[in-house]
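Here is how the chains run, residue by residue.
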Amino acid sequence: MHNPQTTPALPAALSRRHLLVGSASALATVGLSTWSSGAAAQAKPLPAAFSWKDASSVIVHSGTTIETKRSAFGTSVITPTNQLYIRNNLPTPDASIVANRDAWEISIEGVGKPRTVTLRELKTMGLETVAMVLQCSGNGRAFFPSKPSGTPWTVGAAGCVVWSGVPVRAVAEALGGLERGMRFLTGTGGEKLPAGLDPKSIIVERSVPVSAMGDALLAWEMNGEPIPLAHGGPLRLIVPGYTGVNNIKYIKRLAFTLQETDAKIMSHGYRISPPGGKGEPNQPSVQEMTVKSWINFPAPDSAPLQQSRAQIAGVAFGGMHAIKRVEVSIDGGKNWKEARLVGPDLGKYAWRQFVLDARLTTGQHVLVSRATDAWGNVQPEQRMENAAGYNNTSWADHAVTVNVG
Ligand SMILES: Nc1nc2c(c(=O)[nH]1)N[C@H]1C(S)=C(S)[C@@H](COP(=O)(O)O)O[C@H]1N2
Ligand SMILES: [Mo]
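Remember, it's a predicted structure, so these values are computed and weren't measured experimentally. (Residues numbered from 1 in each chain as written. Chains lettered and ligands numbered in written order. Predicted model: local features only at pLDDT ≥ 70, side-chain atom pairs only at ≥ 80, totals over all residues. Heavy atoms only, no water.)

### Looking at the overall build of the chain
Reasoning step 1: A count of helices and strands for the chain gives 5 helices and 22 strands.
Reasoning step 2: Every one of the 405 residues in the chain was classed for burial, and the buried ones make up 54%.
Reasoning step 3: Sequence separation of at least 24 residues holds for 71% of the intrachain contacts in the chain that already meet a minimum separation of 6.
Reasoning step 4: Of the roughly 17,000 Å² of accessible surface on the chain, a fraction of 53% belongs to carbon and sulfur atoms. (Helix = DSSP H or I, 4+ residues; strand = E, 2+ residues; numbered from the N terminus. Buried < 20%, exposed > 50% of the residue type's maximum accessible area, 1.4 Å probe, protein only. Contact = heavy atoms within 4.5 Å. Areas by Shrake-Rupley, 256 points an atom, 1.4 Å probe, with all protein chains shown as cover.)

### Thoughts on the nonpolar core
Inside soluble globular proteins, nonpolar side chains tend to come together where they are buried.
Reasoning step 1: In terms of nonpolar packing, the biggest core is built from 45 residues, with I106, I108, L122, V168, L218, L235 and L254 touching the most fellow members.
Reasoning step 2: Residue assignment for this core shows that the elements contributing at least two residues are strand 5 (105-109), helix 2 (119-122), helix 3 (168-174), strand 11 (217-222) and strand 14 (251-257).
Reasoning step 3: With 4 residues, helix 3 is the largest single contributor of residues to this core.
Reasoning step 4: For I108, the residues in contact, after removing those within four places along its chain, are P114, R115, V117, V171, L175, L218 and L254. (Core = buried A, V, L, I, M, F, W, Y, C linked by side-chain atoms within 4.5 Å.)

### Focus on the site of ligand 1
Reasoning step 1: Looking at ligand 1, there are 20 residues lining it, with Y85, N89, E191, H231 and K249 nearest.
Reasoning step 2: Within the backbone of R87, one N or O atom sits 3.0 Å away from an oxygen atom of ligand 1.
Reasoning step 3: Taken together, the residues that form the shell around ligand 1 break down as 10 nonpolar, 6 polar and 4 charged. (Near = heavy atom within 4 Å. Polar contact = N/O pair within 3.5 Å; in protein donor to acceptor, adjacent residues only side chain to side chain. Nonpolar A, V, L, I, M, F, W, Y, C, P; charged D, E, K, R; others polar.)

### A short note on the environment of G363
Reasoning step 1: As for its placement among the helices and strands, G363 is situated in strand 21 (residues 363-373).
Reasoning step 2: Separated by 39 residues in sequence, G363 and V402 place their C-alpha atoms 8.2 Å apart.

### Re the pattern of salt bridges
Reasoning step 1: Applying the stated criterion across every chain, the model contains 13 salt bridges.
Reasoning step 2: R253 is the partner of E109 in a salt bridge, and the nearest nitrogen-oxygen pair spans 3.0 Å. One end of the pair, E109, is in strand 5; the other, R253, is in strand 14, with 144 residues separating them in the sequence.
Reasoning step 3: In this structure E109 comes out as partly exposed when scored by relative accessible area, which is 27%.
Reasoning step 4: A salt bridge links R383 to D397; the shortest N-O distance between them is 2.6 Å. One end of the pair, R383, is in the loop between strand 21 and strand 22 (400-404); the other, D397, is in the loop between strand 21 and strand 22, and 14 residues separate them in sequence.
Reasoning step 5: Connected via shared salt-bridge partners are E109, K200, E205, R253 and D262. (Salt bridge = Lys/Arg side-chain N within 4 Å of Asp/Glu carboxyl O.)

### Comments concerning the packing of aromatic side chains
Reasoning step 1: In the structure shown here, the tally under the stated rule is 8 aromatic pairs.
Reasoning step 2: Seen from their ring centres, F73 and W294 are 6.3 Å apart, and the 55° between their planes marks the pair as tilted. Of this pair, F73 sits in the loop between strand 3 (65-68) and strand 4 (86-87) while W294 sits in strand 15 (residues 292-297), and the two are 221 residues apart along the sequence. This pair shows no difference in class: F73 is buried, exactly as W294 is. (Phe/Tyr/Trp six-rings, centres within 6.5 Å; stacked < 30°, edge-to-face > 60°.)

### Describing the pairing of strand 2 (residues 58-62)
Reasoning step 1: Where strand 2 and strand 3 come together, 4 bridges link them in antiparallel fashion. Residue pairing in the sheet places V58 in a bridge with T68 of strand 3.
Reasoning step 2: Between the end of strand 2 and the start of strand 3, which pair antiparallel, lie 2 residues. (Pairing = 2+ DSSP bridges.)

### A word on the sheet that holds strand 2
Reasoning step 1: The 3 strands are arranged 2-3-4 in an open sheet whose pairing can be described as antiparallel. Since the sheet does not close on itself, it has two edges, and those belong to strand 2 and strand 4, each with one partner.
Reasoning step 2: Two elements, strand 3 and strand 4, share 2 bridges in a ladder whose sense is antiparallel. By the bridge assignment, I66 is partnered in strand 4 with I86.

### Description of the sheet that holds strand 20 (residues 352-359)
Reasoning step 1: With antiparallel pairing, 4 strands are arranged side by side in an open sheet as 15-16-20-19. What marks the edges here is a single partner per strand, and that holds for strand 15 and strand 19 (340-342). For this sheet the average axis-to-axis angle between neighbouring strands, irrespective of direction, equals 35°. (Axes fitted to C-alpha atoms, helices over the stretch in contact; angles between N-to-C directions.)

### Topic: the environment of Q307
Reasoning step 1: Position of Q307 among the secondary structure elements: in the loop between strand 15 and strand 16 (309-317).
Reasoning step 2: For the pair Q307 and L360, spaced 53 residues apart in the sequence, the C-alpha separation amounts to 8.8 Å.

Taken by themselves, the reported measurements are silent on function.
This is the structure:
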């Protein structure tokens, strides 16, 4: 079991029964005033555009990147919108685009009768709801020892969200069906692009295999309310099981295409490159998510516990497949116990909550979880090394170290 960081000696002031929590990456041991004050002092304020987020539940990385705190993930499956992470490649469009939502226009191409459709009309074409894990490809990047450039997300560039909208296949049918031979579904973000730059070099435009259309939505609602501008309102492409970047916000064009888009974010961005390498079109693209889980409680940023008994809880999802089983180990992966799946099952694209009722003896414990999906894929121990720090599903990397004094 890897545990690169030795745990600091316990401050004498702490009572014996305090359960101290750290992480394998030793990012922080919060709850100890002596150690946490520095981190608290450095906390960045919420950017103005996202001032409605719950400041106590998030970590502000930058003006365009906000992460949910590990300890803030509750146990009621859905991630509240005001705690959900934010990741923008470009500045958020002007709020005027959500002033009259139903008037939003999207161009549908690569179908028998291509044309522009309003959101008002989309609402007449069909309705479906899906609960889905939205997760940035770089979630877990902070655990790469190679320190890839990009936001150092730990676990919080993810959330489980309920989306409502019209199935993409219903829209295609209403417009005369797919043109022959189309292999990709290409979505374009509605951001205004800065003048003087090659649009292809900055536009948020991604292609997914047309097979993803089966469950894809053009969504206008999340968690029971119109999608806030920050999360892609008035209209967002939702591709269940695919990483965050494929879920195009403020979508203005949806095209069935013969080829993948040649936008840079597709051709060179979000590619699995060898360590030290650069993204190239011939490398695998970051698309479908694979089985992953992590413990949220106790979390590295949880307050110290008063007892050795703990309900070790977390989330598990399979990406494209349902979760079958989650095991938890309190000794760094030597021995495993099956955790109990808790709460409603919102379908294969949602995450499941899991819990293990554990008693932790005096000393140090490394808590880890390992999920198995319905197809028998098991969450791996090791991350797959890659230059940009994508797709970290390693159970070892997501370990939480606790000390029972
Ligand atoms: N139009 C547009 N869509 C976008 C992005 C963007 O910058 N512009 N960022 C993508 C990335 S990288 C991620 S991880 C998710 C983040 O979604 P969220 O900000 O709603 O959490 O949106 C994706 N869709
Ligand atoms: Mo992302």
